[in-house]
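# Breakdown of the fold
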Amino acid sequence: MRKKTREILDKITHFLQKRSLQFTISLTFTAVSVVGMLIVGFSLSLRYIGLSEKMISEDNTHMVNQVNLNLDTYLRNMMRISDSMYYRVIKNADLSTDNIGDAMSLLYETNHDLLVSIGVFSSTGKVIAAEPLAQLKPSAGVTGQSWFQNASQKIENSHFSTPHVQNLFVDPDNKYHWVVSLSRAVELTNAGSITKGVLLVDMNFSGIEQICKNVDMGESGYIYLTNRNGELIYHPRQQLIYSNLMQENNIAAAHYDDGSHSETFQGQRRMVTVKTVGYTGWKIIAVTSMQDIASNYQQLRIFAWFFIFFSIFLMVFLNLFLSSRIANPIKELEHSVKDLDKGNLSSVDIAISGSYEVQHLGKTIRSMVDQLHKLMDDIVAEQESKRKSELDALQSQINPHFLYNTLDSIIWMIENERYDGAVTMVTALARLFRISLSKGKNIISVADELEHVRNYLTIQKMRYKNKFVYEIDAEPEMLQYATIKLIVQPLVENAIYHGMEFMSGDGEIKIHAYRKEDSLYIDIIDNGLGMPQEQADALLTEEAPRARGKGSGIGLKNVQERIQLYFGKDYGLAIYSEPDEGTTARIHLPLKTLEELDEGGDAK
């Protein structure tokens, strides 16, 4: 990476060296100005988007608060009707002598715009009184209705149902009404004895529908209503949802805390604002698409780009003018010191003109001429030391023995005019180091790790003159998962140095990446000399000796410790071997993607 960066800088420097000082200053000033304006413009754009999202969030909060206020008023009216029927009528009546039908009829007529029906039922489901209809359908099954069971089981609460068709009473007009039922347990007095019963108030669902429908949420925004479990009470596209023609994220949204949240549903990013209706547990949910926010600042973006390009146009001319005022005196100074290139340091006449800074520069050059040789020597020594330090830093990341042999092989191929082989080795070596660096990352994908090994094997196979063959096999879905960098190559290296090097031919190395249960496995299999299993087990627990100069310097135990340090003791390395049969090194890793490791931090 450092080498590529240096190459790019060298190309830029080389390009600018062939241009005049005026061109260089103009180009630099313009580039800096353009970059600065783009950064400012981008920052302002993000700021505007953030403010827009904040404003929409505040508007949505205001909307849901207003809906909550209207809905709260509507529901309190229902509860007031229920309380009036219970505490003013039922509590004061003895069913053996009093008729509660008249009071119920009066209450219904007073609130008929809000109500569909009122009914009082005994604990066995028998109708005590009801308005405006009182004859039950034969199939009504009152005691099996959810509103009846909720009221009977939790007698201390009022219970609101989800929207449903009112199907209790026989309607001569065959009308079917969508209602939300408010039910509660009541005490019925009959000849002095108290029995249990249920009071049912069926609210007209159109009232709730109008409260939610009349809210203006923009082009694609809308408000819907759920119960505490996420079941829809109202949705502007409720019929489409019930027909499975569209979907809504109501189950997840019902569990959001009150306030604004950002979510992605069916590939669309949305802002969701949630408000809980106090005593019912219902959720008012406002949804606004982020596309609406983007459309709001589209015109601003066009204007911003126009302003930026116009400013760039002006800056080019301004920079040309300023650069000429700076460059011309420096050009004169440049002509005066051309003799320095010829080594005539003592006879150079340095021109002094232009601004104070340029004049001071000319004077300074005069005083520096006598010290130029010494300074040049110091700079050369310093650069040489810096270059050596950089090479040492790079050298510490690779195996000097492997690199030396590889380069030696490349030289031999070039000298013998085997250019295709040399190009192949150089390409593989470059790719090998690119993946080895990996921008400083310790975790890479299985695909990159296997590509690193493939390049390594390409080099080694050419170095060993096709003394062995190799095969890399990975299940396609395994390539996306994560692994620690440089854990396969040391095992392959051991297979070559300790398995293939002493064979006369027909060496085989197989690498297989696969999934087993919820784990990722990578096997490195060779048909080399092998070893007793006891010796193989000791490689992971003891400092096994190895030949000087062989291997990467990253031993098997080192690979084992790196895996367990990062992923835990449940994972690691296992060695299986048998004399004259070969060796299998098996890497065991968790089945995690790069994104999962980035989100979760350390794997452990």
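Model, not experiment: these values are computed from the prediction.

Overall, the coordinates contain 10 salt bridges when judged by the stated rule. Between D83 and R184 there is a salt bridge whose closest N-O contact spans 2.5 Å. Of this pair, D83 sits in helix α2 (residues 21–90) while R184 sits in strand β5 (residues 178–190), placing them 101 residues apart in sequence. Looking at R184, the relative accessible area reads 10%, which means it is buried.

Per-chain confidence: the protein averages 80 in pLDDT, with 83% of residues scoring 70 or above. Taken as a whole, residues 387–398 scores under 50 in pLDDT and shows 7 contacts with residues more than four places along the chain or in a different chain.

Below, the discussion takes up the packing of helix α13 (residues 419–437) against helix α14 (residues 446–463). Packing of α13 against α14 brings their axes to within 9 Å, and their N-to-C directions diverge by 145°. In this structure, α13 crosses over α14, and the sense of that crossing is left-handed. Where α13 abuts α14, its residues G421, T424, M425, A428, L429, R431, L432, I435 and S436 lie against D448, E451, H452, N455, Y456, T458, I459, M462 and R463.

Take A31: it is sitting in helix α2. Owing to a relative accessible area of 39%, A31 belongs among the partly exposed residues under this scheme. Separated by 285 residues in sequence, A31 and V316 have C-alpha atoms that sit 9.6 Å apart.

Here helix α5 (residues 205–213) has its buried residues at F205, G207, I208, I211 and C212. Axial view of α5: buried residues confined to an arc of 160°, hence all on one face.

A complete count under the given rule lists 9 aromatic pairs for this structure. Where F121 meets F169, the ring centres are 6.4 Å apart and the plane angle is 20°; that geometry is what we call stacked. Here F121, found in strand β1 (residues 115–122), pairs with F169, found in the loop between β4 (164–165) and β5; they are 48 residues apart in sequence, far enough to count as distant. Under the relative-accessibility criterion, F169 is labelled buried at 4%. Residues F567 and Y571 carry aromatic rings whose centres are separated by 6.4 Å and whose planes lie at 70° to one another, so their mutual orientation is edge-to-face. Residue classification places F567 among the buried positions, given a relative accessible area of 7%.

Within the open sheet, the 5 strands sit side by side as β8-β7-β11-β10-β9. Their pairing is antiparallel. If you trace the sheet from one side to the other, it starts and ends with β8 (232–234) and β9 (259–265), each paired once. On average, adjacent strands in this sheet sit at an angle of 35° to one another, irrespective of strand direction. Two elements, strand β7 (residues 222–226) and β8, share 2 bridges in a ladder whose sense is antiparallel.

Attention now goes to the sheet that holds strand β18 (residues 582–590). Strand order in the open sheet formed by 5 strands is β13-β15-β16-β18-β17, and the pairing between neighbours is mixed. Each end of this open sheet is capped by a strand with a single partner; those strands are β13 (468–474) and β17 (572–578). Taken over all neighbouring pairs, the strand axes of this sheet differ in orientation by 15° on average, direction set aside. Bridge count for β17 against β18 is 7 bridges, and the pairing is antiparallel. Paired with Y576 across the strands is T584, a residue of β18. Across the sheet, α14 lies against β13, β15 (507–516) and β16 (519–526), angled at about 170° from β13, the strand it touches most. Packing against the sheet, helix α17 (residues 556–567) makes contact with β17 and β18, and its axis sits at approximately 145° to β17.

Here the residue pair E131 and P132 is connected by a cis peptide bond, since its omega of 0° sits within 30 degrees of zero. If you trace the backbone, P132 turns up in the loop between β2 (127–131) and α4 (146–153). Its identity is not glycine, yet Q266 carries a phi of approximately 55°, on the positive side. By the element assignment, Q266 lies in the loop between β9 and β10 (268–277). Positive phi values are uncommon outside glycine, yet D580 reaches one of about 65°. Tracing the backbone through its elements, the reader meets D580 in the loop between β17 and β18.

What counts and how
- Residues numbered from 1 in each chain as written.
- Predicted model: local features only at pLDDT ≥ 70, side-chain atom pairs only at ≥ 80, totals over all residues.
- Heavy atoms only, no water.
- Salt bridge = Lys/Arg side-chain N within 4 Å of Asp/Glu carboxyl O.
- Helix = DSSP H or I, 4+ residues; strand = E, 2+ residues; numbered from the N terminus.
- Buried < 20%, exposed > 50% of the residue type's maximum accessible area, 1.4 Å probe, protein only.
- pLDDT = per-residue confidence, 0-100.
- Contact = heavy atoms within 4.5 Å.
- Axes fitted to C-alpha atoms, helices over the stretch in contact; angles between N-to-C directions.
- Left-handed = near helix turned anticlockwise from the far one by under 90°.
- Arc of directions from axis to C-beta.
- Phe/Tyr/Trp six-rings, centres within 6.5 Å; stacked < 30°, edge-to-face > 60°.
- Pairing = 2+ DSSP bridges.

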